[in-house]
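Structural characterization, general
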Amino acid sequence: MKDLVSCFSEHAVRISDVACSGGANVAAAAAAAAAGVVGGGDGGGGGGGVGGRAAVSAVTSVYRSRLSASGKDLVIDVTWSRSPDGPALSVAVHDAGAASRSRAGGAAAPRHLHRRKGSGTFTAGSCVVGVFWDYAAARYVAGPEPVSGFYVAVVADAEFVLLLGDMSRGYVERLHGGIPIAGSRMARRRERFVGCGCWSTKARFLESGTEHEIVVALDGEAEAWVTVDGRKVVQLRSLRWNFRGSHTLFLDGGAPVDMTWDLHGWLFQAADSSASSSSCAVFTFQTRGASETKFWIEHDDGDDDEREHEKPPATARSQRQKQLGAGAPSGQGFCLLIHGFRSSSKIT
């Protein structure tokens, strides 16, 4: 089966190389993001144009940590969201090993931390978990996630498995008893936007790589495009025909990042009040682990000649292999998801 995009006109989906595109729409999107229109303020609505106001309604970061004493693998979900009383925080901890043996055995329901400062304990599988937090004096730039003046500390089986915020180290130093700190890394991040226009965020796909600015723009139902560090990488036209697709980007010296888009819910279910969370636009950016051959399965081998020019240079591939061999977990990569909703009533 051929790739969906190849079934349509070559003018409907344009894939750009690393050269910067000079379209006026890209400049408008970058200007809107720089001016704080994207993801800023408390508003949740917006018009249908590129300059519409889009607000970040929720940010979920998923971390993986391994306990040094028992070797247990834990997954920690941290969600910052908007509430009538201001930013809200919830934390969930999963015992990855127990979850693999029983779907419900290792999962813990998110703990909504209603107060802005406090502590709480619960269990996740066979682990005893403690959460300590303080964001009463936190500072924000855009969206519900603070940038400074806060800490979140998660303890599991007498080990720190996650420390967030510029005040976390100070909190650890005030404790007595020498609690060990387990290693952790961010495995996935999901950002939910409300409102039409531009959605902008930043992501670091490799621990040793640079932080990249990603802008997704939708011009009504006629056109959409994605820029990375101000460079247009994908431009979509005739969205009702090209609402799904994929493309591979090469960042940080040749590291492959698989990008996919799914606009079906945004285009065809937005008017349905019962569509709930499925009526959104979804953009995914996924890195590949050392043992991964492709995150999104290629169904057709007939386009090898066309894909050959998209491969990174041999030197870049060698550099990528060295980076992965230096410490990245085999088969695991970072994933960024961008969910865009027309209105907050669609979010569940």
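Residues numbered from 1 in each chain as written. Predicted model: local features only at pLDDT ≥ 70, side-chain atom pairs only at ≥ 80, totals over all residues. Heavy atoms only, no water.

As a further point, take the pairing of strand β17 (residues 280–287). Across the 8 residues of β17, 7 count as buried, placing the element largely inside the fold. As paired elements, strand β16 (residues 255–262) and β17 share 6 bridges and run antiparallel to each other. When the bridges of β17 are listed, aspartate 262 appears paired with valine 282. Here β17 pairs with strand β18 (residues 335–341) via 7 bridges, running antiparallel. Bridged to cysteine 280 within β18 is phenylalanine 341. (Buried < 20%, exposed > 50% of the residue type's maximum accessible area, 1.4 Å probe, protein only. Helix = DSSP H or I, 4+ residues; strand = E, 2+ residues; numbered from the N terminus. Pairing = 2+ DSSP bridges.)

So, on to the sheet that holds strand β6 (residues 117–124). Sheets are built from strands that pair by backbone hydrogen bonding, the pairs being arranged parallel or antiparallel. Pairing is antiparallel in the open sheet, where 4 strands are placed in the order β6-β7-β8-β9. In this open sheet, the two strands that pair with only one neighbour each are β6 and β9 (159–164). The sheet shows a mean angle of 15 degrees between the axes of neighbouring strands, direction not considered. Of the strand pairs in this sheet, β6 and strand β7 (residues 127–134) are connected by 8 bridges, and their pairing is antiparallel. Across the sheet, the residue bridging to glycine 118 is tryptophan 133, located in β7. (Axes fitted to C-alpha atoms, helices over the stretch in contact; angles between N-to-C directions.)

Looking now at the packing of aromatic side chains. Aromatic ring pairs are defined here through the distance separating the ring centres and the angle between the ring planes. Tallied over the full model, the rule gives 8 aromatic pairs. Between phenylalanine 193 and tryptophan 199, the ring centres sit 6.3 Å apart and the planes meet at 20 degrees, which makes this aromatic pair stacked. Overall, phenylalanine 193 belongs to the buried group, its relative accessible area being 0%. Joined through ring pairs, the aromatic side chains of Trp80, Tyr135 and Phe150 make up one cluster. One Lys or Arg, arginine 342, reaches over the ring of tryptophan 266 and ends 4.2 Å from the middle of that ring. (Phe/Tyr/Trp six-rings, centres within 6.5 Å; stacked < 30°, edge-to-face > 60°. Lys NZ or Arg CZ within 6 Å of the ring centre and 35° of its normal.)

So, about the side chain of threonine 201. With respect to the helices and strands, the residue threonine 201 is situated in strand β11 (residues 198–204). Residue class for threonine 201 comes out buried when judged on its relative accessible area of 7%. A polar side-chain atom of threonine 201 sits 2.5 Å from a polar atom in the side chain of glutamate 191. If we skip the residues at most four places from it in the chain, threonine 201 touches Glu191, His212, Glu213, Ile214, Leu336 and Ile338. (Polar contact = N/O pair within 3.5 Å; in protein donor to acceptor, adjacent residues only side chain to side chain. Contact = heavy atoms within 4.5 Å.)

Glancing now at the sheet that holds β17. Here 9 strands make up an open sheet; going across it, the order is β5-β4-β3-β2-β10-β18-β17-β16-β15 and the pairing mixed. Two strands bound the open sheet, and with one partner strand each, they are β5 (111–113) and β15 (244–251). This sheet shows a mean twist of 15 degrees between the axes of neighbouring strands, independent of strand direction. Both strand β2 (residues 55–66) and strand β10 (residues 184–194) contribute to a ladder of 10 bridges, which runs antiparallel. Opposite serine 61, over in β10, you have arginine 189 as the bridge partner.

You can see histidine 94 is positioned in strand β4 (residues 86–95). You can call histidine 94 buried: its relative accessible area is 18%. At 3.2 Å, the side chain of histidine 94 and the side chain of aspartate 77 are in polar contact.

Its place among the elements puts threonine 284 in strand β17. Threonine 284 sits in the buried class, given a relative accessible area of 7%. The spacing of threonine 284 and valine 257 is 27 residues in sequence and 9.6 Å in space, taken between C-alpha atoms. Beyond its immediate stretch of four places on either side in the chain, threonine 284 contacts Asp258, Met259, Thr260, Cys335, Leu336 and Leu337.

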